[in-house]
Amino acid sequence: MTLASSVIVPYAAYLRVYEPLAAFPERERTHWARYAKRDDLPGAQDELRRSLADLLPVPPVAVPVHESADAFVAVVDGVTCVCPWRTRLRGWLALEELPERLPGPLLDAALPPVVRRQASADYEQWLERNPDARPWIRSATWHVPVRWFVLFADGEREYTKGEEGLILRYRTPMVQARRRVARGLKVLKEALGEGPLIDGLVDVGRWLEEFHPRSLVELDYGGLVHVVPAGQLEDDRSAADVAEGLAALKDGDGERAGSAYERLTDRWSEIRNRQNAS
């Protein structure tokens with residue numbers, strides 16, 4: 001993340017892919033196998049703290065000088081899976097999006113043009129050597145994109161309190177996520193023809209195809225749990241609303257689809273309002 005992706009707020013949700021060790025080249029596989037056995041594995045808050053630390057230097061650090069050697073680890077049916085942080089790559093990708101998120105004067109104050117130009121030049125050189133690179137983590141500030149919920153079922157929702165506080169997440173096998181993307185696209189294209197939701201879901205589907213078929217896909221509310229009242233989090237059934245909306249569209253029931261979409265937009269509009277008030 002670093003400054004490029006956390007210049008505004010740490011209140012972000014994450015879409016992550018955990019790949020089995022077999023998906024990695026031998027050298028990297030050996031690193032992750034040893035890494036996964038550590039007793040002091042860092043968590044999401046550790047990643048956030050490290051990214052915010054890059055706000056302090058002058059001039060600011062747009063992206064890390066070296067790529068992170070850390071990852072999130074999950075054991076799925078006895079198989080160790082890892083989700084590399086890849087903070088340097090994600091910083092470069094976020095840097096490209098900043099002009100759309102921040103007014104010019106604010107962007108120049110946070111990241112002077114000379115810093116951005118150097119970071120972009122470094123990324124171009126790196127990309128020539130790594131043309132197939134892709135991040136294992138996607139993030140969204142102050143909301144969860146509707147298209148992400150298409151990948152999950154309400155029964156896969158987990159709302160618990162862990163060592164780092166409240167956790168609201170969904171986890172599903174890659175095969176299920178891909179199947180739901182395909183079904184969702186079919187329904188949306190037949191009902192709507194085209195639109196930003198379809199374009200976004202196509203993009204997510206292409207991203208998922210880059211990973212091992214036995215991967216785990218996770219939607220983590222991340223820092224959003226700190227800005228949404230606990231009662232509202234407990235009642236949040238956004239994946240169920242999206243599933244109901246798609247089912248209604250498939251049945252040709254526009255009224256039911258509209259009700260599901262209204263519940264969804266009302267919920268996330270309230271959270272967006274907290275961003276504007278902060």
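This text goes with the structure placed above it.
Overview of the structure. Since this is a predicted model, take the numbers as computed values, not measurements.

Examining the nonpolar core
Core analysis: the largest hydrophobic core is formed by 56 residues, its most contacted members being L15, V144, F149, L151, L208 and Y221. Once residues lying within four places of it in the same chain are set aside, the contact partners of F149 are V144, Y170, L219, Y221, S238, A239, V242 and W268. Counting 13 residues, the second largest nonpolar core, distinct from the first, contains L89, L98, L111 and Y123.

Details of the packing of helix α8 (residues 174-192) against helix α11 (residues 238-251)
For the pair α8 and α11, interaxial distance at closest approach is 9 Å and the crossing angle is 50°. If you check the angle between α8 and α11, you find them oblique. Crossing handedness for the pair α8 and α11: left-handed. When α8 is examined against α11, the residues G184, V187, L188 and A191 are found in contact with a partner set consisting of L246, L249 and K250. Residue composition of the contact of α8 with α11, grouped by class: 5 nonpolar, 1 polar and 1 charged.

Considering the pairing of strand β6 (residues 165-173)
Relative to β6, strand β5 (residues 157-162) runs antiparallel, the two sharing 6 bridges. Looking at the pairing, E158 lines up with R169 of β6. Following β5, the chain reverses through 2 residues before pairing antiparallel with β6. When β6 meets strand β7 (residues 216-220), the two strands line up antiparallel, connected through 5 bridges. Considered in β7, the bridge of P173 is made with L216.

Considering the packing of helix α4 (residues 87-101) against helix α6 (residues 113-129)
Two elements in contact, α4 and α6, have axes whose closest approach is 10 Å; the angle formed by their N-to-C orientations is 125°. The angle between α4 and α6 falls in the class oblique. Both α4 and α6 take part in a crossing whose hand is left-handed. Of the residues in α6, those touching α4 at R88, L89, W92, L93, L95 and E96 are R116, A119, S120, D122, Y123 and W126. In terms of residue class, the contact of α4 with α6 is made up of 7 nonpolar, 1 polar and 4 charged.

Re the packing of aromatic side chains
In this structure the tally under the stated criterion is 14 aromatic pairs. Seen in terms of ring centroids, Y123 and W126 are 6.4 Å apart; in terms of plane orientation they differ by 20°. Their pairing is stacked. Here Y123 pairs with W126, and both are found in helix α6, just 3 residues apart, close to one helical turn. Using a relative accessible area of 10% as the deciding quantity, one classes Y123 as buried. Pairwise contacts between aromatic rings join F149, F152, Y170, Y221 and W268 into one cluster. For the cation-ring pair, R171 lies above Y18, with the distance from its terminal atom to the ring centre recorded as 5.4 Å.

Calculation notes
Residues numbered from 1 in each chain as written. Predicted model: local features only at pLDDT ≥ 70, side-chain atom pairs only at ≥ 80, totals over all residues. Heavy atoms only, no water. Core = buried A, V, L, I, M, F, W, Y, C linked by side-chain atoms within 4.5 Å. Buried < 20%, exposed > 50% of the residue type's maximum accessible area, 1.4 Å probe, protein only. Contact = heavy atoms within 4.5 Å. Axes fitted to C-alpha atoms, helices over the stretch in contact; angles between N-to-C directions. Helix = DSSP H or I, 4+ residues; strand = E, 2+ residues; numbered from the N terminus. Parallel < 35°, antiparallel > 145°, perpendicular 65-115°, else oblique. Left-handed = near helix turned anticlockwise from the far one by under 90°. Nonpolar A, V, L, I, M, F, W, Y, C, P; charged D, E, K, R; others polar. Pairing = 2+ DSSP bridges. Phe/Tyr/Trp six-rings, centres within 6.5 Å; stacked < 30°, edge-to-face > 60°. Lys NZ or Arg CZ within 6 Å of the ring centre and 35° of its normal.

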